[in-house]
Amino acid sequence: MNNKEKFYITTAIAYTSKLPHIGNIYEIILTDAIARYKKKKGYDVFDMGCNSEESCHYPIFADAACKKILGGECELGILICGTGIGMSMAANKVKGIRAACCSDYFSAKYTRLHNNANALCLGGRVVGAGLALDLVDAFLGAKYLNFTMDQWIEVIKTTVPPKTIDINVLAFEKGYNN
C-alpha cells in the first residue's frame, strides 16, 4: 500500500483526580470501530494506543502519532480522546501538524480541502461510531485544493505565537507583589 492508504490512530483520555474516572471505554470503542472499518476498506491502520481503561496522558499519544505523520510513515492521523479537543490542542503544538477537532461532516471534509489538515481529532464521548465513520471517510477522502489555499497555509505556519508572560514578573511590574 502506498503512503496515502496508511494512517495512524491513537486514543487517550486524561481526567482530574477530583472526579470519578469512568474509563476510556467510549474512546476504545470508537477507535476499534474506525480501525476495523478502514481495514475492511483496504487501509493500513496502526494503533498507537492507549488501549486501556486506565487514565493516560493524551499528549504523549498525540505526539507519537504526529511524529509518524511528519516522518512520512503515513499521510494522516486520527486522534481520539473524550472530546477531541485535548488531542487537537496537543497535536497542534507539534510543528507541521494541522489538527482539527470535528464533529460534523462539512468540517471534516473542508478542513482537508481548505486547510490541508493532516490530523482529524474526534471525541469518543461526542460522536457515535456511525457518525465517526462518516467523518473519517470525509476527512480521508478529501483532497487539498492547493491552487488557492497555499497562501492561507503559509500565513498559518508563520503566525507568531503569543508571547509567554511570567505572571510573577507581570505582578511585580504592576505593583501587585504585596
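Structure: see above.
K.L.:
Help me understand the overall build of the protein in this model?
P.N.:
For the protein, the helix and strand inventory stands at 7 helices and 5 strands. Listing every helix and strand of the protein by position from the N terminus yields β-α-β-α-β-α-β-α-β-α-α-α. Looking at the protein as a whole, 39% of its 178 residues qualify as buried. Nonlocal contacts in the protein, meaning residues at least 24 apart in sequence, comprise 73% of its contacts between residues at least 6 apart. Per element, the accessible surface of the protein, about 10,400 Å² overall, is 57% carbon and sulfur.

K.L.:
Help me understand the pairing of strand E3 (residues 76–81), please; the structure alone is not making it clear to me.
P.N.:
Remember that side chains alternate between the two faces of the sheet whenever the strand is regular. For E3, the tally of buried residues reaches 6 of 6 residues, placing the bulk of the element in the interior. Both faces of E3 are covered, namely the face carrying Leu 76, Ile 78 and Ile 80 and the face carrying Gly 77, Leu 79 and Cys 81. Here E3 runs beside strand E5 (residues 119–123); their pairing, made up of 5 bridges, is parallel. Bridge pairing in E5 places Leu 79 opposite Cys 121.

K.L.:
Explain unusual backbone geometry here, please?
P.N.:
If a residue is not glycine, its phi is most likely negative; likewise, a peptide bond is most likely trans. Unlike most non-glycine residues, Asn 116 shows phi in positive territory, near 50°. Tracing the sequence through the fold places Asn 116 in the loop between helix H4 (105–113) and E5.

K.L.:
For this particular structure, what's the right way to read a nonpolar patch on the surface?
P.N.:
On the surface, a nonpolar cluster with roughly 270 Å² of combined accessible area is contributed by Ile 25, Tyr 26 and Ile 29. Tracing the backbone shows Tyr 26 in helix H1 (residues 25–40). Here Tyr 26 falls in the partly exposed class, since its relative accessible area comes to 42%.

K.L.:
Even after reading the chapter, I still don't get the side chain of Arg 98, so can you show me in this structure?
P.N.:
The residue Arg 98 is located in the loop between helix H3 (85–91) and strand E4 (99–101) in this model. Polar side-chain contacts of Arg 98 include one of 3.3 Å to the backbone oxygen of Asn 115.

K.L.:
Whenever I open this one, the packing of H1 against helix H5 (residues 129–141) confuses me. Can you help?
P.N.:
Working note: a packed helix pair is described by the angle between its axes plus the distance between those axes. Where H1 contacts H5, the two axes come as close as 10 Å, and the packing angle between them is 50°. The pairing of H1 with H5 is recorded here as oblique in orientation. The handedness of the crossing between H1 and H5 comes out as right-handed. In this structure, H1 contributes Leu 30, Ala 33, Ile 34, Tyr 37 and Lys 38 to the contact, and H5 contributes Ala 129, Ala 132, Leu 133, Val 136, Asp 137 and Leu 140. A class-by-class count of the residues in the contact of H1 with H5 yields 9 nonpolar, no polar and 2 charged.

K.L.:
Honestly, the packing of H4 against H5 in this entry has me stumped. Any pointers?
P.N.:
It is the contact of H4 with H5, at a shortest axis distance of 7 Å, that shows an interaxial angle of 20°. On the basis of the axis angle, H4 is roughly parallel to H5. The element H4 and its partner H5 pack so that their crossing is right-handed. For the pair H4 and H5, the contacting residues are Tyr 105, Ala 108, Lys 109, Thr 111 and Arg 112 in the first and Asp 134, Leu 135, Ala 138 and Phe 139 in the second. Per-class residue counts for the contact of H4 with H5 are 5 nonpolar, 1 polar and 3 charged.

K.L.:
What am I meant to see in the pattern of salt bridges here?
P.N.:
Side chains carrying opposite charge are able to pair once their charged atoms draw close together. Summed over the entire model, instances satisfying the criterion amount to 5 salt bridges. Asp 137 is paired through a salt bridge with Lys 38; the nearest N and O atoms lie 2.6 Å apart. A residue pair is termed long-range when its members are at least 10 positions apart, and Asp 137 in helix H5 and Lys 38 in helix H1 qualify at 99 residues. By relative accessible area, which is 26% here, Asp 137 ends up partly exposed. A salt bridge links Lys 67 to Asp 63; the shortest N-O distance between them is 2.9 Å. Here Asp 63 and Lys 67 lie together in helix H2 (residues 58–70), a separation of 4 residues that amounts to about one turn. For Lys 67, a relative accessible area of 52% puts it in the exposed group. On the basis of relative accessible area, Asp 63 is assigned to the partly exposed category, the value being 27%.

Rules of the game
- Residues numbered from 1 in each chain as written.
- Predicted model: local features only at pLDDT ≥ 70, side-chain atom pairs only at ≥ 80, totals over all residues.
- Heavy atoms only, no water.
- Helix = DSSP H or I, 4+ residues; strand = E, 2+ residues; numbered from the N terminus.
- Buried < 20%, exposed > 50% of the residue type's maximum accessible area, 1.4 Å probe, protein only.
- Contact = heavy atoms within 4.5 Å.
- Areas by Shrake-Rupley, 256 points an atom, 1.4 Å probe, with all protein chains shown as cover.
- Pairing = 2+ DSSP bridges.
- Patch = residues over 30% accessible without salt bridge, like charges linked within 9 Å, V, L, I, M, F, W, Y side chains within 5 Å.
- Salt bridge = Lys/Arg side-chain N within 4 Å of Asp/Glu carboxyl O.
- Polar contact = N/O pair within 3.5 Å; in protein donor to acceptor, adjacent residues only side chain to side chain.
- Axes fitted to C-alpha atoms, helices over the stretch in contact; angles between N-to-C directions.
- Parallel < 35°, antiparallel > 145°, perpendicular 65-115°, else oblique.
- Left-handed = near helix turned anticlockwise from the far one by under 90°.
- Nonpolar A, V, L, I, M, F, W, Y, C, P; charged D, E, K, R; others polar.

All quantities given are derived from atomic positions and should not be read as evidence of function.
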